Amino acid sequence: MHESVSNHPSVIRVQQALAELGVQGEVKILSDSARSAREAADALNVEVGQICSSLIFASAGTPILILTSGRHRVDTELVSQEQGLATLERADAQMVKNATGFAIGGVAPIGLTHPVPTYIDNALAQYPIIWAAAGHPHAVFPTTFDELLRITGATQIRVAVE
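Here the residue numbers are simple positions, counted from 1 along each chain's written sequence. The predicted nature of this model means local features are confined to residues of pLDDT at least 70 and side-chain atom pairs, given and counted, to a pLDDT of 80 or more, with totals for whole chains, interfaces and linings taken over all residues. Side-chain figures throughout are based on the complete set of non-hydrogen atoms in the structure, without hydrogens or water.

Visitor: How would you summarise the overall build of the chain if you had to cite specific residues and measurements?
Guide: Going along the chain from the N terminus, every DSSP run of H or I of four or more residues is numbered as a helix, and every run of E of two or more is numbered as a strand. Within the chain, the regular secondary structure consists of 6 helices and 8 strands. Each helix (α) and strand (β) of the chain, taken in turn from the N terminus, gives the series α-α-β-α-β-β-α-β-α-β-β-β-α-β. We compute the radius of gyration over the C-alpha atoms and compare it with the globule rule, which gives 2.2 Å times the number of residues raised to the power 0.38. Taken over C-alpha atoms, the radius of gyration comes to 14 Å for the chain, in line with the 15 Å a tight globule of 162 residues would show. Each of the three principal axes of the chain carries a C-alpha extent, and together these read 45 × 30 × 25 Å. Each of the 162 residues in the chain was classed as buried or not, and the buried ones make up 52%. The contacts in the chain between residues at least 6 apart in sequence include a share of 66% that link residues at least 24 apart. Asp and Glu count as negative and Lys and Arg as positive, but His and the ends of the chain are not part of the count. Here the site of a charge means atom NZ of a Lys, CZ of an Arg, CG of an Asp or CD of a Glu. Put simply, the chain has 10 plus and 16 minus side-chain charges, and the middle of one group is 2 Å from the middle of the other. Exposure classes here rest on a 1.4 Å probe applied to the protein chains alone. A residue is buried below 20% of its type maximum, exposed above 50%, and partly exposed in between. Contacts between residues were defined by any pair of non-hydrogen atoms, one from each residue, lying within 4.5 Å.

Visitor: Report on the pairing of strand E5 (residues 118-121), specifying residues and quantitative values.
Guide: The alternating pattern of E5 places Thr118 and Ile120 on one face and Tyr119 and Asp121 on the opposite face, and all of these are buried. Whether two strands pair comes down to DSSP finding at least two bridges between them. Relative to E5, strand E3 (residues 62-69) is paired through 3 bridges, and the arrangement is parallel. Bridged to Leu67 within E5 is Ile120. Here 3 bridges tie E5 to strand E8 (residues 155-157), and the two strands are oriented parallel to one another. In the sheet register, Asp121 faces E8, and the bridge partner there is Ile157.

Visitor: Any chance you could break down helix H4 (residues 76-83) for me, citing the residues and the numbers?
Guide: Of all the positions in H4, only Leu78, Val79 and Ser80 are classed as buried. In this structure, the buried side of H4 is in contact with E3, strand E4 (88-90) and E8. We define a polar contact as two N or O atoms separated by no more than 3.5 Å, with the added condition that, inside protein, one atom must be a possible hydrogen donor and the other a possible acceptor, whereas residues neighbouring each other in sequence contribute only through side-chain atom pairs. A side-chain oxygen of the first residue of H4 lies 3.2 Å from the backbone nitrogen of Glu77; this N-cap is Asp75. Gly84 lies just past H4 and shows a positive phi near 65°.

Visitor: So what's going on with the nonpolar core? Which residues, and what values?
Guide: By nonpolar core is meant a set of buried Ala, Val, Leu, Ile, Met, Phe, Trp, Tyr and Cys residues that side-chain atoms within 4.5 Å join together. The biggest cluster of nonpolar side chains holds 33 residues, and the ones touching the most others in it are Val14, Val27 and Phe141. Mapped by element, the contributors of at least two residues to this core are helix H2 (9-20), strand E2 (51-59), E3, helix H5 (93-100), strand E6 (130-136), strand E7 (139-143) and helix H6 (145-152). Looking at this core element by element, the count peaks at 4 residues for H2. Residues in contact with Val27, not counting those within four places in the same chain, are Val11, Gln15, Leu18, Ala134, Ala139, Val140 and Phe141. By size, the runner-up hydrophobic cluster in this structure holds 11 residues, among which are Leu55, Phe57, Val79 and Ala160.

Put into structure tokens, the structure is as follows:
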């Protein structure tokens, strides 16, 4: 299984993006699925808050990427109000695939096939290491909040009220 995951076109695309962006962290292939933040945290033996979930929402038909800490559910009303966006709704699988080139469960914050406005959860800043999806439900890579800001060009936001 490890071989097929590391040779998956989406994982290769993320690895190429990491190299181009000068990221030191390498893609790690997990034997267990990291489809959810909880699964990823358990597989990596880290806190669920250290998992960066890449979630695609639709705002007036336009895809928006929100990088959120695994300990948060995105408060779509809060985010749309504070960011001056139209109502946010979870994008369907087809919109996710069309906007990012990734399937749900493996959406990476980088290596997207199209530029997507990106926002990042401030709560991720409190962790020295963050783990993000690398194009497949069994692939992740380590990074930091500052590095993620640099490589995604994301806007820092509050995604939930603590």
